[in-house]
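Here's the letter readout for the chains.
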Amino acid sequence: MSDSRAAILARLSKSLAHEAAAEAPEIVQRIEAHVRGPQPQWEASPRERFLNKLEKVVGTWAEVASKENIAQAVADYLAAQNLAKSLAVAPHPLLDSVDWPAGFRAERRRAVGEDRVSLAVAFCAIAETGSLVLLAGPDSPTTLNFLPDDFLCVLPTNRIVPRMEDAWALLREERGTMPRATNIVTGPSRTADVEQTIHLGAHGPRRLHVLLLQGGA
Amino acid sequence: MKPTSHAFSNNAHRALHDKTLQQALAKAGVGFVDKRRAAIDGLPEFQALRQAGKRIKDHTLANLDHYLLRFEAQVQASGGQVHWAETPEQACVAVLDICRNANAKMVAKGKSMVGEEIAVNDALEAAGFEVVETDLGEYIIQIAHEPPSHIIAPAVHKTRGQIAELFEKLHHQPGLTRPLETVPQIVDEARQVLREKFLASDVGITGANFLIAETGSTVIVTNEGNGDLSATLPRVHIVLASIEKVVPNLEDAAVLLRLLARSATGQEITSYTTFFTGPRRADDPDGPEQFHVVLVDNGRSRMLGGDYHEMLRCIRCGACLNHCPVYSAVGGHAYGWVYPGPMGAVLTPLMVGLQEGRPLPNASTLCGRCEEVCPMSIPLPRMLREHRRQEFARRLTPPRARWALAAWAYFARRPELYRQASRIAIKLLNLLAGGNGRFRSMLFAQAWTAARDLPAPQGDTFMAQWKQRRKP
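It should be emphasised that the depicted structure is a prediction, and the values quoted were computed from it without experimental measurement.

Section: the side chain of Asn-322 of chain B
Residue and element names in this part refer to chain B.
Right, so step 1: With respect to the helices and strands, Asn-322 occurs in helix α14 (residues 319-322).
Right, so step 2: A relative accessible area of 6% places Asn-322 in the buried class.
Right, so step 3: Aside from chain neighbours lying at most four places away, what touches Asn-322 is Phe-32, Val-33, His-150, Ala-264 and Ser-328.

Examining the packing of helix α9 (residues 160-171) of chain B against helix α10 (residues 183-200) of chain B
All names here are of chain B.
Right, so step 1: Orientation of α9 relative to α10, taken along the N-to-C sense of each, is 35°, at an axis distance of 11 Å. The handedness of the crossing between α9 and α10 is left-handed. Two secondary-structure elements touch here, α9 through Arg-160, Ile-163, Ala-164, Phe-167 and His-171 and α10 through Val-183, Ile-186, Glu-189, Ala-190 and Val-193.
Right, so step 2: Of the residues belonging to the contact of α9 with α10, the class tally is seven nonpolar, one polar and two charged.

Description of the nonpolar core
Right, so step 1: By size, the foremost hydrophobic cluster in this structure holds 113 residues, and its most contacted members are Phe-8, Leu-64, Phe-275, Leu-295, Met-311, Tyr-339 and Met-343 of chain B.
Right, so step 2: Excluding its chain neighbours within four sequence positions, the residues that come into contact with Met-343 of chain B are Ile-151, Met-311, Cys-314, Arg-316, Cys-320, Leu-321 and Leu-380 of chain B.
Right, so step 3: Counting residues in each nonpolar core, the second largest holds 72 residues, with Val-74, Val-117, Ala-122 and Ile-160 of chain A among its members.

Observations regarding the domain arrangement of chain B
Right, so step 1: Domain assignment breaks chain B into domain 1 (43-301) and domain 2 (404-470).
Right, so step 2: Placing a centre on the C-alpha atoms of domain 1 of chain B and another on those of domain 2 of chain B gives a separation of 54 Å.

A closer look at the sheet that holds strand β2 (residues 106-109) of chain B
Residue and element names in this part refer to chain B.
Right, so step 1: With parallel pairing, the six strands of this open sheet are ordered in space as β1-β10-β7-β4-β2-β3. Two strands in the sheet have a free side with no partner beyond their single neighbour: β1 (81-85) and β3 (130-133). The sheet shows a mean angle of 20° between the axes of neighbouring strands, taken without regard to direction.
Right, so step 2: Note that β2 and strand β4 (residues 203-206) share three bridges and pair parallel. Directly across from Val-107, in β4, lies its bridge partner Val-203.
Right, so step 3: Where α10 meets the sheet, its contacts fall on β2 and β3, and the angle it forms with β3 comes to roughly 130°.

Each value, and the rule that gives it
Residues numbered from 1 in each chain as written. Chains lettered and ligands numbered in written order. Predicted model: local features only at pLDDT ≥ 70, side-chain atom pairs only at ≥ 80, totals over all residues. Heavy atoms only, no water. Helix = DSSP H or I, 4+ residues; strand = E, 2+ residues; numbered from the N terminus. Buried < 20%, exposed > 50% of the residue type's maximum accessible area, 1.4 Å probe, protein only. Contact = heavy atoms within 4.5 Å. Axes fitted to C-alpha atoms, helices over the stretch in contact; angles between N-to-C directions. Left-handed = near helix turned anticlockwise from the far one by under 90°. Nonpolar A, V, L, I, M, F, W, Y, C, P; charged D, E, K, R; others polar. Core = buried A, V, L, I, M, F, W, Y, C linked by side-chain atoms within 4.5 Å. Domains from an automatic or database assignment. Pairing = 2+ DSSP bridges.

Written as structure tokens, this is what we have:
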């Protein structure tokens, strides 16, 4: 296999008339400059834009006044959807103090095939497209975002950034490196593979519900 | 798969007379075109983004060796492995080795056009692995034993009835029947069946829309979430990616993502856009233990710097297919290999040989719509003409066409002779048309006259008319 590596690189380098180098100054500079392309513009505030775009992709949302109200907001959603009071919850510090009412089975873990409902916390959200950004890690198992039918996600309002490039800036500032998976989630799962007819809930969640947490985390 | 591109003419004939296919194509075509139009009208910055996207790709291609090395170093730094493959065979060997080393039995596959290109499913099945396509469209064509007919909507040629029939045959045990009439019923059926496969798979294979040199990440965009499940649940994640997919950094990906979804499905962004970077970390509660990237060349390094260099900018959005009058009429299977439409007519002869792919560059009116809608401004018509030029130069053109072209070239290079000959031909044809002004059938032109009349030339040659009018 190393022969193919050498052969491919040799052909490329010959055609480009230079010597291949992972540290070539022209690319290191180009990578590290983090220059942004043309930035789409709009009038609305990041919050307004985010909610508007989220609704366009059939995501739903509810306002939550404080951390103490998260359990109630989840209970309201489950009742409205007529779902059992059982869910997989991300081991995220923001959810440590959530006091689940009697009769709730809320387990702090990754999701498994049988889970119907999950609750996680977004790293941030992108207003431009109404997207949530979730970073895989001990406090945010990726399976929660994809396996259950109903995916509930807490989003502190001060974590809504205008564009994807702002999310990258935040990621570099707060984390430094990329997690195993960076999920940009925009609405529930969908497919148009049968006669170009859009149907929600192909393999991932059928419904996406955002709990908009006032103020900060 | 064994290409049948050489038989394009027969394939196209069959497709034009296939009523079910024509129904499916009619349904699909308009939808894609309208949705893209609306998405682009909704973003005033689209043209600026398009230019920026082209600059990103041009810059990356001009430093492709550097960026690939950088990408490789970053994948390794995050705990992943990179495998280089010059040929489809080498790529398949790399995948098989990884699967064997992992003692795998079942492989869940997300949609990958490079996977189709290297025929990885055939290789895996021949080696005794069970492979399940998990993108709904890919799953449908897998169980129908057909190749994809569109690069982003692989089962676009299938009607609801045909899909229901396939599921009925394959899934339904006696005594266990779920209704399979509506689109939701069909999608739910696939969801239930494939969910079991995801959970039982040892290896997940996905493609990559972009590779990020800065971070060693691979990017996929999906709407179903199948790619993410394939990359999260199994113990091993293999990414199949061709070498031109690399871009410098995350900001570059942001530019290209804005172009990709709009050009492909008319969405602003797909439901899921995911950046994978290495295997699960020590304290991660889920994710694969191994992360492999197989970098596939398959002729691309030879395209760099040559006549087809600009094709390496392609981001596989499918807009050129959706806007092509030929693709819209005959569908993807007529092209006889993995990539159909204008981009396929450029790539196929490069990957399976001009001898086999010869008819594809000729099956175009060169109307230019593909280049117009291409988010990467790839001069597809110019490259189709280049294929035709090389076809002629390498004497692959059939003798009759060669003689006709040679005869025409002889006259075209001798203007006075050309005019005289035209004059005679006009008179002769007018005489033969017998005052009708048209031919119902004509020798050597049956392909034309079978479906329509051939008009007889009117009046005199252009040059003669020009002289006439310039006289005071």
